[in-house]
Amino acid sequence: MGTIPSETIEQIAAANDIVEVIGSYFPLKRAGANFKALCPFHQEKTPSFMVSPSRQTFHCFGCGAGGSVFRFVMDYEHVDFPSAVRKLAARAGITVIEKFPAGGAGDEERQRELRQRLLKLHAEAAQWFHENLVKREVGQTARKYLGTRGITVEIAKRWQLGYATDEWDAFGNWARGRGYDVRDLIASGLVKTKDDVASSPDQATSGAKTQRSYDRFRGRIMFPICNDVGEVIAFSGRLPQDEEGAAKYLNSPETALFRKGGVLFGLDKTKRALIEVSCAVVCEGQLDLISLFEAGITNVVAPQGTAFTESQARILKRFVNEVVLCFDADTSGQKAAERSLDALLQNDLIVRVAEMPMGEDPDSLVRREGKEAFEKRIGKARDFFDYWIERETANVDLASFGAKMQLARRLAETVSRVRDPLMRGEVMNKVSARLGVTAQDFQALVARQRSAPFSARDDSFVSDRTGASAPAPRHDISMLCILALRDETARDFLRQQNWTEILAQMPDADILMRILESDFRAGDAASLNAFMVTLSPADERLVSSWLLQRMPPNAGAMVEEWWLGIRQAVLRRQLSVATNQIKLSELSTGDIINLQKQILDLQEQLHELSQPAGAADN
Ligand SMILES: [Zn+2]
C-alpha cells in the first residue's frame, strides 16, 4: 500500500463538508454554532454527539468518539483509512494518486498494479456475465431457474447476478479479446491452465499456455462477491441443477484480491442494517441471503462456504453482538451450524438458532410466509445452548448418572469456548440447571476444559472505536495543545521557541510535540483534518475534544504564560535531579563541583524566568 500525499488528504477534507457527510448518514440538528445528534457509536437517549462546522470535526461527550471526517467514515462504515479516503475522494470527484517510496517501489508497486488490473477485470467480467444472464440467448435456462426461485430481472440487476456459459473458453476468449493478458486472467482465478502444477518445457512458452487455458466457471449462475466498498473481488458460481459429480457451489480461488474465509457475502449491502440492529441473521447460501434481503430482512450475512471462519466471525463482531443461525433443518445444515459455533463463541457473539421447518430453507420460507412471519421466527429463535441441550438430551437417559456426566463433559467443552467470563458464567448456570448437575460440578468440568491449550487469539485487531481517549496530559500541556491547535499566533510563538529540547524533558508532551512539528494551519479545518489522520484513534479523540472546547479570548498572552510555566517546570525538575545527585556518597570532587555549578546555573535561570516579561531576555 502506498501513502496518500497529505496535500491530497487536505484537498479531500476541504471538499467534504463534515456536516454534509455525517448528515447524509443520519439527521443532524443545529445547536448554536454546532450540530448535534444521538451518538451512532453508543446507546443514548439525549444527544451528546456534536459536529463542528467551523472545526470540521465531530466529538461525542458521552463515549469519547471523535475526530476528523475520515475518522467518522472509518468508524461508521467500518472501513480502513485508505478506503475512507477513496470513498470521500469519490464523493467529491477527486482522483487519489498514491505515492510509493522511491527505489522500493518494485514489488509493492507491481502488486498494486496487479490488483488494479484484477479489479478492472472483475468489474468487467461481472458485467459480461450479467449480460449473458439478462440479455443473451445463452442465459435462458438460468433465467428460468432464477425465476422459479423468485429472482426477478430487477433483483438480478441489483445483485449483478450473471451466467457463465457452458463452454470451455467463452470467458477467456472474450477477455483476451478485450486485451487482457492471459497471465492476468490466470492470476484472477477466472481462467485455469490444464497443467497448473506439472508443466512440461513446451508449455512454458506463453503461446502454449494460451491454448491450454480454460474457464473455471462453466454453466454456472454467477454471484459477484464484493469487498467492503462494493468492488467485485471474486465470484461464486452455482449450478442451476444438480449434476452428477459436480459441486453445487464453486468459488474463486485465493487471489491477490480475494482471501477465502475473509469475506462475508453481501456485507457491502447489509452492513448498515447490521449496525442498526446489532444482530445478524446468518443463512447458508447466496440465494437465501438475496431472498431475505429483497423481502426486507436486511440484517443478513452468508459465510462463503458453509461454516464461519475465525476471521469472518471477527469481522462480524465489529458490526453486531448477536447472531441468529438459520441453517436448513437437514443434518448437513445442523452440522454447519455447529461448525460455525466455535468461531462465533470465541468472538463473544451471542448465538441463537432459528430452526427452519423440515424441507424449507430461509429462501423458500420467506417467499411462502412473508417478511413478518419470518421476523417472528427470528424473534423466537432460541438461545443456542437451549437448543443444543435439548437436542443432545433427546437421546440421553438423564436418569442414568453416567450418561448424564458424559453429556455434561461434552457440553462443558463447548461452554469452555465462550471467552467472555460473564457470558460464560451465565451459560454455565443455564446448562447445569438444565442437566440437573450442581453448578459447582459443572464449573469444575468447564474449568478443566479451559486449562487445556486454547487457540491463541489475535487481540490486536480489536477496534478501540469507542474506547477511552488517550489520558489527557497535565493541564499546562493540554492548554498549550489547545492554543497551538486553534490559534495561529500562539502556534507561531511556540514554534519559535526551542520546544523540541524543552518538551523532550516533559513526560507527557508527545501530543504537543506532534502538534508543533506538523505543518497544519491552525485556522484551516481541512489541514487540521489532514493532521488528525496521522494520529492514533485515542489521540484523535483527545484532539477532537480540545477542538470543541471554549477558546480563551487572549490566546497570545496566554500562550506566553503557559510556556513560561513549562520552562520553569523543566528547570525545577532538573534542579531537583541535580540536588538529589549531589547527596550521593560516592561522588568525586570534580563531580561535586560540576553539580554545584549546574545547580547555581539552574537557580539563576529560574530566577531570570520569574522576572517580569522582557527582563528574562539577555
Ligand atoms: Zn458516543
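Details of the structure are given in the entry above.
Figured I'd write up the structure that's included with this text. (Residues numbered from 1 in each chain as written. Predicted model: local features only at pLDDT ≥ 70, side-chain atom pairs only at ≥ 80, totals over all residues. Heavy atoms only, no water.)

**Considering the pattern of salt bridges**
For clarity, the cut-off: A carboxyl oxygen of Asp or Glu within 4 Å of a side-chain nitrogen of Lys or Arg is what we treat as a salt bridge. The secondary structure listing takes helices from DSSP runs of H or I that are at least 4 residues long and strands from runs of E that are at least 2 residues long, numbered from the N terminus.
One pass over the structure, following the stated rule, counts 27 salt bridges. Note that glutamate 124 is salt-bridged to arginine 178, the shortest N-O span being 3.0 Å. With glutamate 124 in helix 5 (residues 105-134) and arginine 178 in the loop between helix 8 (170-177) and helix 9 (182-187), this pair connects stretches of sequence that are 54 residues apart. It is possible to trace a salt-bridge network through shared partners that takes in Glu10, Arg521 and Asp524.

**Some remarks on the packing of aromatic side chains**
Formally: Pairs were defined over the aromatic rings of Phe, Tyr and Trp, the Trp ring being its six-membered one, requiring ring centres within 6.5 Å. Orientation was assigned from the angle between planes: stacked under 30 degrees, edge-to-face over 60, tilted for the rest. Burial here depends on accessible area, computed with a 1.4 Å probe over protein chains only, as a share of the maximum for the residue type. Under 20% is buried, over 50% is exposed, and the range in between is partly exposed.
Inspection of every chain in the model, using the stated rule, returns 27 aromatic pairs. Centre to centre, the rings of phenylalanine 129 and phenylalanine 235 are 5.3 Å apart; their planes meet at 85 degrees, and the pair counts as edge-to-face. Remark: phenylalanine 235 occurs in strand 10 (residues 232-238) and phenylalanine 129 occurs in helix 5; sequence separation between them is 106 residues. One exposure class covers both phenylalanine 129 and phenylalanine 235, and it is buried.

**A word on the sheet that holds strand 11 (residues 249-251)**
Test applied: Between any two strands, pairing holds if DSSP finds at least two bridges. Where helices are involved, their axes are fitted lines through C-alpha atoms of the stretch in contact, as for all axes, and angles between N-to-C directions lie from 0 to 180°.
Pairing is antiparallel across the open sheet formed by four strands, whose spatial order is 6-9-10-11. Since the sheet does not close on itself, it has two edges, and those belong to strand 6 (162-164) and strand 11, each with one partner. Between one strand and the next, the sheet's axes are offset by a mean angle of 35 degrees, whatever the strand orientation. Bridge count between strand 9 (residues 220-226) and strand 10: six bridges; the pairing is antiparallel.

**Some remarks on helix 8**
Among all positions of helix 8, only Ala170, Phe171, Gly172, Trp174 and Ala175 are buried. The positive-phi residue at the C-terminal boundary of helix 8 is glycine 179, with phi of around 95 degrees.

**Some details on the environment of leucine 190**
For clarity, the cut-off: Throughout, a contact is declared for two residues whenever any of their heavy atoms are within 4.5 Å.
Assignment of secondary structure puts leucine 190 in the loop between helix 9 and strand 7 (191-193). When the C-alpha atoms of leucine 190 and glycine 172 are compared, they prove to be 8.2 Å apart, with 18 residues separating the residues in sequence. Not counting residues up to four positions away in its chain, the partners in contact with leucine 190 are Leu121, His122, Ala125, Phe171, Leu185, Tyr214, Asp215, Arg216, Phe217 and Phe235.

**Observations concerning the packing of helix 17 (residues 384-394) against helix 19 (residues 421-435)**
A pair of packed helices is characterised by two quantities: the angle between their axes and the separation of those axes. Put simply, the test is: Each angle gets one of four labels, with under 35 degrees taken as roughly parallel, over 145 as roughly antiparallel, 65 to 115 as roughly perpendicular, and the rest as oblique. By convention, the crossing between two helices is left-handed when the near helix turns anticlockwise from the far helix through less than a right angle, and right-handed when the turn is clockwise.
Contact pair helix 17 / helix 19: the axes reach a minimum separation of 11 Å and the direction vectors enclose 30 degrees. Classed by the angle they form, the pair helix 17 and helix 19 counts as roughly parallel. As for how helix 17 packs across helix 19, the hand of that crossing is right-handed. Across from Phe385, Asp386, Ile389 and Thr393 in helix 17, the residues of helix 19 making contact are Val427, Lys430, Val431, Arg434 and Leu435.

**Description of the coordination of the zinc ion**
To be explicit about the condition: Each metal's donors are the N, O and S atoms found within 2.8 Å of it, except that Na, K and Ca use a 3.2 Å limit; water is left out, so coordination can look incomplete. Just to be clear on the cut-offs, tetrahedral is four donors with all angles between 85 and 135 degrees, square planar is four donors and octahedral six with opposite donors over 155 degrees apart and all others between 65 and 115, and anything else goes down as irregular.
Around the zinc ion, the protein supplies Cys39 (SG), His42 (ND1), Cys60 (SG) and Cys63 (SG) as donor atoms, at distances of 2.1 to 2.3 Å. Its four donor atoms give the zinc ion angles of 104 to 119 degrees at the centre, a pattern that matches the tetrahedral case. Linear spacing of the donor residues for the zinc ion on their chain is C-x2-H-x17-C-x2-C.

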